[in-house]
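Secondary and tertiary structure notes
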Amino acid sequence: MSETPGPVTMDKIVSLCRRRGFVFPSSEIYGGLGSTYDYGHYGVLAKNNIRQLWFQAMVQERDDIVALDSAIILNPAVWEASGHVAGFSDPLVDCRTCKLRFRADRLEDAQCGRKPSKRPGETPDCDLTEARQFNLMFQTQVGAVEDASSTAYLRPETAQGIFINFKNVLQLARRKPPFGIAQVGKSFRNEITPGNFLFRVREFEQMEMEFFVPPADAEEWYRYWVDARFDWYLKYGLREGNLRKREHGAEERSHYSSGTTDIEYLYPIGWSELEGVANRGDFDLTQHTQFSGTKLEFVGQDGERYTPHVIEPAVSIERIFVALLVDAYHEEVVADRERTVLRLHPAIAPVKAAILPLIPRNEDMVTHARGLFDELRRRHLVEYDDSGQIGRRYRRQDEIGTPWAFTIDDQTLEDGTVTVRDRDSLAQ
Ligand code: GAP
């Protein structure tokens, strides 16, 4: 077995996802809708695994974190308090010639609409407007009357739903800092330049955890979560050489942050943020206390009283999904034939094992195979496949990352054993 040379490009990942039904462009029969995607069967299964493994690490295996599922549309005052109405914006420029829009701070990464080899503004024909701030929140209207008082927003992050429930959880879950609240759910951002497949999309599923700590312990917990989240990626198979921690300089940090570290992955587009871990200080609880009039603080039995500081690991399933696919994608030559294989960690793989009757026309083999399939499917996500040559069926499973195949053959009919094929070593 030998690896074929060549980098893993985003195009290869997109093509595999489409070919094997992981991900489709959304609204495709109507010409699509910029950078939105629908997930097919294997995409849903892989996303479920990522979500469940995150939840397992963040909630199930810990005594100090509880779950929450807050609404997507919140009282608009939430976004005033959080600073999103005033400041969640990117600088935007329009080109009057090609009618494209660009982020003013990312012109060096963009292509001119008329001459893609040039940057916007580089050709004499380019006619860029002055930069103006463009708010990334999607607006909507709540209720039947459309006026300023009914304006609301699709949440651009899940975090604020957690902060506004701080008091509920503190009282009802009887928690005392340090403790955390974890939430998974859709977030929406009207990105000016979405792209690179699922890396930057307008609708994505965030997994955020806000960890409330005594102010004096904030720095220690911040370091703890950077390391814990980094190790989580290693546990599920991302290669260490493709991961790094990058601490933001003061000029790069968000207004609320007193420390931020990006866990970056070496995507085909270069090193880019996979997950962010931020030390948000007391910014959020203080803002919501001011705007709502409800005191969001911790009061101990001994009268001790303080506003907890918040450490926040935040990531989207989309960014994890792309990183896992890129890391797992291999093209190799086996016995003079090329195969594409996803070497996904078994816990991430959408299908855990394939059950294959060697000769689909042989009724005994089919009966045995269906019997094994029915037994295994009660506890595992397994797939039965009797269509086409066995080699083709193996290739199909390799491409969706199925770690094992159980083949029912003559030997099975003789002694009840099955042939087990290992995806990575091809040992049988
Ligand atoms: N609550 C903090 C927050 O939302 P962020 O850095 O804006 O911080 C956190 O987003 C994470 O959400 C990012 O690290 C990334 O994993 C993911 N994310 C943000 N924007 C995204 C987009 N447009 N498409 C896909 N994932 C995105």
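How each quantity is defined
- Residues numbered from 1 in each chain as written.
- Predicted model: local features only at pLDDT ≥ 70, side-chain atom pairs only at ≥ 80, totals over all residues.
- Heavy atoms only, no water.
- Axes fitted to C-alpha atoms, helices over the stretch in contact; angles between N-to-C directions.
- Helix = DSSP H or I, 4+ residues; strand = E, 2+ residues; numbered from the N terminus.
- Parallel < 35°, antiparallel > 145°, perpendicular 65-115°, else oblique.
- Contact = heavy atoms within 4.5 Å.
- Nonpolar A, V, L, I, M, F, W, Y, C, P; charged D, E, K, R; others polar.
- Buried < 20%, exposed > 50% of the residue type's maximum accessible area, 1.4 Å probe, protein only.
- Lys, Arg positive; Asp, Glu negative; His and termini not counted.
- Salt bridge = Lys/Arg side-chain N within 4 Å of Asp/Glu carboxyl O.
- Pairing = 2+ DSSP bridges.
- Near = heavy atom within 4 Å.
- Polar contact = N/O pair within 3.5 Å; in protein donor to acceptor, adjacent residues only side chain to side chain.
- Areas by Shrake-Rupley, 256 points an atom, 1.4 Å probe, with all protein chains shown as cover.
- Disulfide = S-S within 2.5 Å.
- Core = buried A, V, L, I, M, F, W, Y, C linked by side-chain atoms within 4.5 Å.

A few words on the packing of helix H2 (residues 41-60) against helix H9 (residues 317-328). It is at 10 Å that the axes of H2 and H9 come closest, and there the two elements cross at 110°. Here H2 is positioned roughly perpendicular relative to H9, judged by the angle of their axes. Of H9, the residues touching H2 (which contributes Gly43, Ala46, Lys47, Ile50 and Arg51) are Ile317, Glu318, Ile320, Phe321 and Leu324. In terms of residue class, the contact of H2 with H9 is built from six nonpolar, one polar and three charged.

The next thing to look at is the side chain of Arg395. You can see Arg395 is positioned in helix H11 (residues 390-400). The buried charged residue Arg395 lacks any salt bridge, with Asp398 as its nearest oppositely charged partner at 4.2 Å. When neighbours within four sequence positions are excluded, Arg395 is seen to be in contact with Arg337, Glu338, Arg339 and Arg421.

One open sheet accounts for seven strands, arranged S4-S10-S11-S17-S14-S13-S12; its pairing is mixed. The strands lining the two open edges of the sheet, one partner per strand, are strand S4 (65-68) and strand S12 (243-247). The average undirected angle you get between the axes of adjacent strands in this sheet is 25°. As judged from the nine bridges shared by strand S13 (residues 259-267) and strand S14 (residues 270-281), these two strands associate in the antiparallel manner. The residue of S14 that forms the bridge with Leu266 is Trp271. Each of S4, strand S10 (179-188), strand S11 (203-213) and strand S17 (309-316) touches H2; the most contacted strand, S11, lies at about 5° to it.

Before going further, it helps to spend a moment on the site of the ligand. Taken together, 21 residues are adjacent to the ligand, and Glu157, Arg189, Glu191, Glu208 and Glu273 come closest. Glu157 has a polar side-chain atom sitting 2.6 Å from a nitrogen atom of the ligand. Ser316 places a polar side-chain atom, nitrogen or oxygen, 2.9 Å from a nitrogen atom of the ligand. For the ligand, whose free accessible area comes to 550 Å², the fraction covered by protein is 90%. Those elements that provide at least two residues to the shell around the ligand are S11, S14 and S17. Broken down by element, the shell around the ligand gets its largest block of residues, five residues, from S14. Among the residues making up the shell around the ligand, the classes are represented as eight nonpolar, three polar and ten charged.

A few words now on the state of the cysteines. A complete count under the given rule lists zero disulfides for this structure. Cys95 forms no disulfide, and the closest cysteine sulfur to it belongs to Cys98, at a distance of 3.7 Å. Judged by relative accessible area, Cys95 falls into the buried class, the value being 4%. Note on Cys126: no disulfide assigned, nearest cysteine sulfur contributed by Cys112 at a separation of 4.0 Å.

In terms of nonpolar packing, the biggest core is built from 59 residues, with Trp54, Trp225, Tyr233, Leu274, Ile311, Ile320 and Phe321 touching the most fellow members. Take this core: its biggest share by element is nine residues, from H9. Sequence-distant contacts of Phe321, defined by excluding residues within four places in its chain, comprise Phe22, Val23, Tyr39, Gly43, Ala46, Ile50 and Leu198. The next biggest cluster of nonpolar side chains, apart from the first, holds 16 residues, and it includes Ile162, Phe212, Leu285 and Phe298.

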